[in-house]
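# Observations on chain architecture
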Amino acid sequence: MEGKLSEKGMDQLEKWIGTGPKIFTLRYAITRDGCDATVFHQKCDNQGPTVTVLYNQHGSVYGGYTSVSWRSANGIYVRDDKAFLYQLRYNGSDRQNIFHVKIPGQAVTHNSSYAPVFYDDLLTFNAKINKFGSVFPLNGSMSTFGTTYNNNGVSNDQVNNGSMDVTELEVYSVADGQRRKTLQEGNTPWRKTKDWNEKFLDELKEEIVTFKPVQDLQISEARILMLGPVGAGKSSFYNTIDSIYRGRITQRACSGSAEQSLSTAYIPYMVKVRSGSSLNFRLCDTRGLEESMGIDVLECNYLLDGNVPAYYEFNPTSPISPKSPGFKSDPSTNDIVHCAVFVLDSTTLEVLSSKVVEKMKGLRELMNQKRIPQIILLTKIDKLCKEVEKNVSFVYHSPTVKQAVEKASQILGLPRANILPVKNYENEAELDDNVDILALLALRKMLHFTEDFMHNLIDKRNDVQVEMKKMKLEN
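Anyway, here's the lowdown on the structure attached to this text. (Residues numbered from 1 in each chain as written. Predicted model: local features only at pLDDT ≥ 70, side-chain atom pairs only at ≥ 80, totals over all residues. Heavy atoms only, no water.)

### Quick notes on the environment of A37
Among the secondary structure elements, A37 is positioned in helix α3 (residues 37–44). With relative accessibility at 1%, the residue A37 sits in the buried group. Sequence separation between A37 and K128 is 91 residues, and the spatial gap between their C-alpha atoms is 6.3 Å. The contact partners of A37, leaving out residues within four places of it in the chain, are S112, S113, Y114, A115, F125 and A127. (Helix = DSSP H or I, 4+ residues; strand = E, 2+ residues; numbered from the N terminus. Buried < 20%, exposed > 50% of the residue type's maximum accessible area, 1.4 Å probe, protein only. Contact = heavy atoms within 4.5 Å.)

Structure below.
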């Protein structure tokens, strides 16, 4: 575990400490080690200078620095002329404040029953705290913030949002030395988004939950068709979205690695929230694209036009036709595909079969004729870039991922803005906020494209009606 403290945060703390470059080593994290004061002392006592960092669900980051080692004692004040409290972020935005100690003689408290205590200005917790939902409700306090440390007119509410609920608490030892920097979060990303935090995640979830198809067309559910080579991650992407809204890792769609497609049917998967209600779109899984097998142009045409019934099993030796059982000869606008997604493995772009590429280009021509918007979902980016593997939030700072986006754009001729990198859940046992945000950013783009397509349908319908009226008047 690398820790959540950003390079930008480390740079700022280095400046505040003021004695040259520093190496930050993660000693303790409550999500990894448990929210237990005894464990904190086992891992952090006698480690020299440390910085304590608290993160909450509002996107605020704050904490304290002490230049003296933590020790297990019976509640004694320890002098530290160099100690300070600080904040790095507030409500998801940068807010860099340092709060210097003004009574050095009681800068920190050493107590074996307590985790980091900076007098009562920042008392983190004592004993053991169990996680409640997505947060740890710490039993500490910042109620007397400004007593031992100069608060510069800032209230505790303006630091911790008036709550000691946190999503993470970390303690790093701080030693002299030049650290090896990872991708710089402070650098300009090649694709900009809002700051990644729980607030942004909740916004994305809510926006997708409230999505509704354009009402004038009487469409109840948007249909997003997933196409791609075998093993690219079509089914895994659905499982990732389903996991986000179910609140746990799920495996509804069959996924894994195989020489031939594990998906053999057309399955328009629904996504449900915990209450059981369904969202207003379907992610439609299909058989994988192969050189001599899989979906061909004729079958794709039927899929796009809404002729293929749900759960139809594709048969390589007997392609679907109007005579096939369940074939929809008169599909409605509710049955047609409103957005097409090509799913590509970012690690295999250089060796992608030329025959499969030509097949996808043929499908693209068909979609262009029908004015159906298209997206490329670029999967497995964590295997493409080690820095992204450590922290998915670095995705838009990674030159390696950017190069893969440009390569995918060249392969199928889609704009780079239509290439969406994602990391699906594969071997994880718990959800990760950054994985969720990246997947939801991709899904949101798909839903935006479905809206665009629906508006085009309305314009086409209106134009046809106008032309018909003109023809009647002329006759």
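### Things to note about the sheet that holds strand β21 (residues 419–421)
Strand order in this open sheet of 7 strands is β18-β16-β17-β15-β19-β20-β21, and the pairing throughout is mixed. Across the chains shown, the open sheet's two edge strands, defined by having one partner strand only, are β18 (312–313) and β21. In this structure, strand β16 (residues 265–272) lies alongside β18, joined through 2 bridges in antiparallel fashion. Note on β18: the bridge partner recorded for A265 is E313. (Pairing = 2+ DSSP bridges.)

### Quick word on unusual backbone geometry
For N152, which is not glycine, the phi torsion reads 55° and is therefore positive. By the element assignment, N152 lies in the loop between β12 (136–137) and α4 (157–160). At R371, a position not held by glycine, the phi torsion is positive, near 60°. Its place among the elements puts R371 in the loop between α8 (354–369) and β20 (374–379). Accessibility expressed as a relative area gives 51% for R371, which makes it exposed.

### With respect to the sheet that holds strand β4 (residues 61–66)
Taken in spatial order, the 6 strands line up as β1-β14-β3-β4-β6-β7 in an open sheet, and their pairing is antiparallel. Taken across any chain shown, the strands that pair with only one partner, and hence form the sheet edges, are β1 (22–29) and β7 (93–100). Taking each pair of neighbouring strands and ignoring which way they run, the sheet shows an average axis angle of 20°. Pairing geometry for strand β3 (residues 50–55) and β4, over 6 bridges, is antiparallel. Opposite T52, over in β4, you have G64 as the bridge partner. Strands in contact with helix α1 (residues 7–17) are β1, β3, β4, β6 (84–90), β7 and β14 (168–176); relative to β6, the strand with the most contacts, it is inclined by about 150°. Lying on the sheet, α3 is in contact with β1 and β14; it crosses β1 at an angle near 150°. (Axes fitted to C-alpha atoms, helices over the stretch in contact; angles between N-to-C directions.)

### Observations regarding empty space enclosed by the protein
Summed over all chains, the structure comprises 1 cavity of 30 Å³ or more. Within this model, the largest cavity holds a volume of roughly 30 Å³. In this structure, the largest cavity is lined by Y62, G63, L85, Y86, F99, L122, M142, F145 and V159. Residue assignment for the lining of the largest cavity shows that the elements contributing at least two residues are β4 and β6. For the lining of the largest cavity, the class distribution of residues is 8 nonpolar, 1 polar and no charged. (1 Å grid on protein atoms, 1.4 Å probe; cavity = no way out; pocket = protein on both sides within 12 Å on 5 of 7 lines; lining within 4 Å. Points joined across faces, edges and corners; volume = space filled by probe spheres on them. Nonpolar A, V, L, I, M, F, W, Y, C, P; charged D, E, K, R; others polar.)

### What to know about the side chain of T66
Its place among the elements puts T66 in strand β4. Polar side-chain contacts of T66 include one of 2.8 Å to the side chain of D80. The contacts of T66, once residues within four sequence positions are left out, are P49, T50, D80, A83, V108 and F118. (Polar contact = N/O pair within 3.5 Å; in protein donor to acceptor, adjacent residues only side chain to side chain.)

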